[in-house]
Amino acid sequence: MAILQYREALRAAMTEEMERDPRVFLMGEEVAEYNGAYKVSEGMLEKFGPKRIIDTPISENGFCGLGVGAAMNGLRPIIEFMTFNFSFVAIDQIINNAAKMRYMSGGQFSVPIVFRGANGAAGQLGATHNTSTESIYATIPGLKVIAPSNPDDAKGLLKAAIRDDNPVIFLESEVMFGLKGEVSEAADYVLPIGKARIAREGTDVTIVAHSKAHWIAMDVAEQLEKEGYSAEVIDPRTIRPFDIDTVIQSIKKTNRCVIIDESNPFASISSEITYQIQERAFDYLDAPIIRITSKDVPAPYAKNLIDYYMPQAKDAYEACKRVMYV
């Protein structure tokens, strides 16, 4: 195992896949000369040259359309958004073309493309730079949506996404790019898309949380342990397809569930998980499911307000106590 930052794990995944497959290339704003807005692609221009590490104008609709066309013609593009808020400029290319082309062509065209970049809130950046987009893209058939919480998963799942023959939305977090963790040094380390990770085993309550909300869940589990309670923490890793089987098996053991989700509450990821749990495991629940989300407003700018807006560990902790009736 090697200790890598989240950004270094992403870079390792892209580098290995570009060395393995000459059809893979990276394209986006500042990915080449500037080494990436968050230095994810640092050194890749020197290694692969300007034909495979391509700087683009600030024109998301244009370079996403170019990427979709390239994928339909046999290449395997990685499209980087400086922030996924900017993906809304290209949403027609992502939703109407990338996601639907394979279905509408009767399988004559596949679109092996990865859209990746910073997702979710990152502090005092204002409403237009703090959107959690997973609940938006997960509603679209034809798209796979991945949101890893740690460097090891980031590497293994990004490699899997690049190899997938379907369009993949790969969601990172700006505040996690410097997060360090152990990363496998296996020769060809690829993790399966659609398989959750049980980050911590427990018996009293199940906490489901992805991306940086996962670390809130881990903090809450540690707090509960000090009081003699055992929380099981599940990191979905993949939002679509979602590994509901792993969650259901945990619910059958703990009989209680809290979901921490950075999405806005209405039609959120937590809404869908809650529905699937009650559909398949209602009789195993000893308490209503509680979800902790961001507030149902655009993200504010003021520090005290953005802190209040985001899911908080104290709220998740109190939710766990409530479902355990203690």
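Residues numbered from 1 in each chain as written. Predicted model: local features only at pLDDT ≥ 70, side-chain atom pairs only at ≥ 80, totals over all residues. Heavy atoms only, no water.

**Q** Would you take a moment to explain the sheet that holds strand 14 (residues 290-293) for this structure?
**A** Two pairing modes exist for strands in a sheet, parallel and antiparallel, and in both the strands are linked by backbone hydrogen bonds. Strand order in the open sheet formed by five strands is 9-11-10-13-14, with mixed pairing between adjacent strands. On the outer flanks of this sheet lie strand 9 (197-200) and strand 14, each paired with one strand and no other. On average, each strand axis in the sheet is inclined to that of its neighbour by 25°, with strand direction left out of account. Sheet topology note: the strand 13 (residues 257-261)/strand 14 ladder contains four bridges and is parallel. (Pairing = 2+ DSSP bridges. Helix = DSSP H or I, 4+ residues; strand = E, 2+ residues; numbered from the N terminus. Axes fitted to C-alpha atoms, helices over the stretch in contact; angles between N-to-C directions.)

**Q** Would you mind showing me how to read the pattern of salt bridges here?
**A** A side chain of one charge can pair with a side chain of the opposite charge if their charged atoms are brought near each other. Applying the stated criterion to the full structure yields 25 salt bridges. E80 is the partner of R116 in a salt bridge, and the nearest nitrogen-oxygen pair spans 2.7 Å. Taken as a pair, R116 in strand 5 (residues 114-118) and E80 in strand 4 (residues 76-81) lie far apart in primary sequence, 36 residues in all. Residue classification places R116 among the buried residues on the basis of a relative accessible area of 1%. Between K212 and E262 there is a salt bridge, with its nearest N and O atoms 2.9 Å apart. Taken together, the residues span a long stretch of sequence, with K212 in the loop between strand 10 (205-209) and helix 8 (213-226) and E262 in the loop between strand 13 and helix 10 (269-281) at a distance of 50 residues. (Salt bridge = Lys/Arg side-chain N within 4 Å of Asp/Glu carboxyl O. Buried < 20%, exposed > 50% of the residue type's maximum accessible area, 1.4 Å probe, protein only.)

**Q** I keep staring at the packing of aromatic side chains and nothing clicks. Help me out?
**A** The geometry of an aromatic ring pair is captured by two quantities: the separation of the ring centres and the angle between the planes. Applying the stated criterion to the full structure yields six aromatic pairs. Seen from their ring centres, Y6 and F177 are 6.3 Å apart, and the 70° between their planes marks the pair as edge-to-face. A residue pair is termed long-range when its members are at least 10 positions apart, and Y6 in helix 1 (residues 6-20) and F177 in the loop between strand 7 (168-172) and strand 8 (180-183) qualify at 171 residues. You'll find Y6 and F177 in the same group, each marked buried. Members of the aromatic cluster, connected to one another through ring pairs, are F63, F81, F84, F115 and Y137. A cation sits over an aromatic face here: K39 above Y34, 3.5 Å from the ring centre. Above the plane of the ring of F48 lies K47, whose end atom (NZ or CZ) is 5.8 Å from the centre. (Phe/Tyr/Trp six-rings, centres within 6.5 Å; stacked < 30°, edge-to-face > 60°. Lys NZ or Arg CZ within 6 Å of the ring centre and 35° of its normal.)

**Q** Just to check I follow, could you spell out the domain arrangement of the chain for this structure?
**A** Accessible area lost on assembly of the parts is the figure often given for the size of an interface. With domains assigned, the chain is organised as domain 1 (2-183) and domain 2 (197-323). Taking the mean C-alpha position of each, domain 1 and domain 2 sit 26 Å from one another. Each partner contributes to the interface: domain 1 provides 30 residues, whereas domain 2 provides 25 residues. Where domain 1 abuts domain 2, roughly 2100 Å² becomes buried across the two surfaces, and 54% of that area is made up of carbon and sulfur atoms. In this structure, the salt-bridge partner of D153 is R237, at a minimum N-O distance of 3.1 Å. Between the two partners, domain 1 and domain 2, sit 15 residue pairs in polar contact (both at pLDDT 80 or more). The element best represented in the side of domain 1 that touches domain 2 is strand 6 (residues 144-146), accounting for three residues. Residue composition of the side of domain 1 that touches domain 2, grouped by class: 15 nonpolar, twelve polar and three charged. (Domains from an automatic or database assignment. Contact = heavy atoms within 4.5 Å. Buried area = accessible area lost by both parts, 1.4 Å probe. Polar contact = N/O pair within 3.5 Å; in protein donor to acceptor, adjacent residues only side chain to side chain. Nonpolar A, V, L, I, M, F, W, Y, C, P; charged D, E, K, R; others polar.)

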